[in-house]
Amino acid sequence: MQRPFRSITILELICALLCILLLNTASSLTVAQVNVFTSETMKRMQLKAGLYNSIKLDLAYSSGNTDLLTLRTRFRTDYLSKSFHAFLFGSLQQGRKDDDLFTSKGIAHARIIRNLTNHILVESFVQKQFNESILLTDRNLLGGGFRFAFSSPEAKVNSYFGTGIMWEHERINDTDEGVIVTRILRSTNYVSWKAELDDRISTSATGYYQVSLNEVKDYRILFEGSISFSLSKRLTMPFSANFRFDNSPPTGIRKHDLEIFNGLSYTF
């Protein structure tokens, strides 16, 4: 089912303003969607306040809308303090076949997380994304919500549940209908866990469920999991898998995609 262009209702506008207010409030307190709970993040949450950076290079195998080997480059910058955690994440992925560009996708995501109590946190985020393999020319997200922690940052195993609202603006180059522009509100929900198996091995996984507030059949399910092996204090070898299911994809696009990555990560 295609998502036609329509104007924003008053309810959607109010909810979008609440999301913006949440973002501004979190910032004033000095505080669809990527996996914010990577194995490397868990280790950073146990470090002292300060700035931390990482660069990753992955080789990927894709099955679904695109079947090919690709190269993915990612970077992440985290800032930690006693009261909040802020980070900026970026990723660029390209696939080439016979020297021709076969696929191209990228994402930029910024998030601010602030502790309200030991087990309740508030977070807000913005995101920009494109993905030629699913005909997504441009996607912009603005949202926020709450995260509930079921264990402390000092524990070897941590689990979370998050829920919130995000405003989504998409531009899709549909095969049959041409350019489709949508502006909708989605409920975004996730469960996550992360663990240190020992001093050298850590793992994490996150599952998302994102559904339109106006059409329950318009939903996405995302899963991201990884396991990382420390080669040295700064160098790790991560293996990860990403799964995406879109129940209302553009014309000619399959509902699912599966990606498997392995590579190297350098933290500084």
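From a predicted model like this one, the values you see are computed outputs, not experimental measurements.

Engineer: Could you give an account of the overall build of the chain, with specific residues and numbers?
Structural biologist: When helices and strands are counted, the chain shows 2 helices and 12 strands. Across the chain, helices and strands are ordered from the amino to the carboxyl terminus as α-α-β-β-β-β-β-β-β-β-β-β-β-β. Counting across all 268 residues of the chain, residues that qualify as buried make up 50%.

Engineer: Give me the confidence of the model for the chain: which residues, what numbers.
Structural biologist: Close inspection of predicted coordinates is inappropriate in any region flagged by low pLDDT. On average, the chain scores 80 in pLDDT, and the residues at 70 or more come to 75%. Ignoring residues within four places in sequence, the model shows residues 1-8, a span with pLDDT below 50, making 28 contacts including any to other chains. The low-confidence segment residues 16-31, where pLDDT is below 50, has 28 contacts with residues more than four positions distant or belonging to other chains.

Engineer: Explain the pairing of strand 6 (residues 136-149) to me, and be specific about the residues and the numbers.
Structural biologist: Counting buried positions over the 14 residues of strand 6 gives 10, a clear majority of the element. With 11 bridges joining them, strand 5 (residues 120-131) and strand 6 adopt antiparallel strand pairing. Residue pairing across strands places Gln129 opposite Arg139, the latter belonging to strand 6. From the end of strand 5 to the start of strand 6, which pair antiparallel, there are 4 residues, and Leu135 there has a positive phi angle of about 65 degrees. For strand 6 and strand 7 (residues 157-174), the ladder comprises 13 bridges, and the chain directions are antiparallel. Note on strand 7: the bridge partner recorded for Asn140 is His169.

Engineer: Break down the pattern of salt bridges for me, with residues and values.
Structural biologist: Applying the stated criterion to the full structure yields 14 salt bridges. Ionic pairing is found between Arg76 and Asp78, a salt bridge with its closest N-O pair at 2.9 Å. Each member of the pair, Arg76 as well as Asp78, carries the same accessibility label: buried. Salt-bridge contacts for Glu168 lead to Arg220; the nearest nitrogen and oxygen are separated by 2.6 Å. Placement of the pair is Glu168 in strand 7 and Arg220 in strand 10 (residues 219-230), with a sequence separation of 52 residues. For Arg220, a relative accessible area of 1% puts it in the buried group. Salt bridges linked by common partners bring Arg139, Glu168, Glu170, Arg186, Asp218 and Arg220 together as one network.

Engineer: Report on the pairing of strand 7, specifying residues and quantitative values.
Structural biologist: Bridging between strand 7 and strand 8 (residues 178-196) involves 18 bridges; their strand directions are antiparallel. From the neighbouring strand, Thr163 faces strand 8, where its bridge partner is Asn189. Between strand 7 and strand 8, which follow one another and run antiparallel, lie 3 residues.

Engineer: Report on unusual backbone geometry, specifying residues and quantitative values.
Structural biologist: The phi dihedral of Leu135 is positive, around 65 degrees, even though this residue is not glycine. One can find Leu135 in the loop between strand 5 and strand 6.

Engineer: Could you give an account of the side chain of Asp78, with specific residues and numbers?
Structural biologist: Checked against the element boundaries, Asp78 lands in strand 2 (residues 68-80). Side-chain polar atoms of Asp78 contact the side chain of Arg76, separated by 2.9 Å.

Engineer: Can you break down a nonpolar patch on the surface residue by residue, with the values?
Structural biologist: A grouping of Ile55, Phe75, Leu88, Tyr266 and Phe268 is seen on the molecular surface, where their side chains present a nonpolar patch of about 470 Å² in accessible area. Checked against the element boundaries, Leu88 lands in strand 3 (residues 84-97).

Engineer: Help me get a handle on the packing of aromatic side chains, residues and values and all.
Structural biologist: Geometry of an aromatic ring pair is reported as the spacing of the ring centres plus the angle between the planes. In this structure the tally under the stated criterion is 7 aromatic pairs. Residues Phe148 and Phe161 carry aromatic rings whose centres are separated by 6.3 Å and whose planes lie at 20 degrees to one another, so their mutual orientation is stacked. On the criterion of sequence distance, the pair formed by Phe148 in strand 6 and Phe161 in strand 7 is long-range, its members being 13 residues apart. A relative accessible area of 29% means that Phe148 is categorised as partly exposed. Summarising the aromatic geometry, the rings of Phe229 and Phe239 are spaced 6.0 Å apart at their centres and angled 80 degrees between planes, so their arrangement reads as edge-to-face. Linking Phe229 in strand 10 with Phe239 in strand 11 (residues 235-246), this pair joins segments that are 10 residues apart in sequence.

Calculation notes
Residues numbered from 1 in each chain as written. Predicted model: local features only at pLDDT ≥ 70, side-chain atom pairs only at ≥ 80, totals over all residues. Heavy atoms only, no water. Helix = DSSP H or I, 4+ residues; strand = E, 2+ residues; numbered from the N terminus. Buried < 20%, exposed > 50% of the residue type's maximum accessible area, 1.4 Å probe, protein only. pLDDT = per-residue confidence, 0-100. Contact = heavy atoms within 4.5 Å. Pairing = 2+ DSSP bridges. Salt bridge = Lys/Arg side-chain N within 4 Å of Asp/Glu carboxyl O. Polar contact = N/O pair within 3.5 Å; in protein donor to acceptor, adjacent residues only side chain to side chain. Patch = residues over 30% accessible without salt bridge, like charges linked within 9 Å, V, L, I, M, F, W, Y side chains within 5 Å. Areas by Shrake-Rupley, 256 points an atom, 1.4 Å probe, with all protein chains shown as cover. Phe/Tyr/Trp six-rings, centres within 6.5 Å; stacked < 30°, edge-to-face > 60°.

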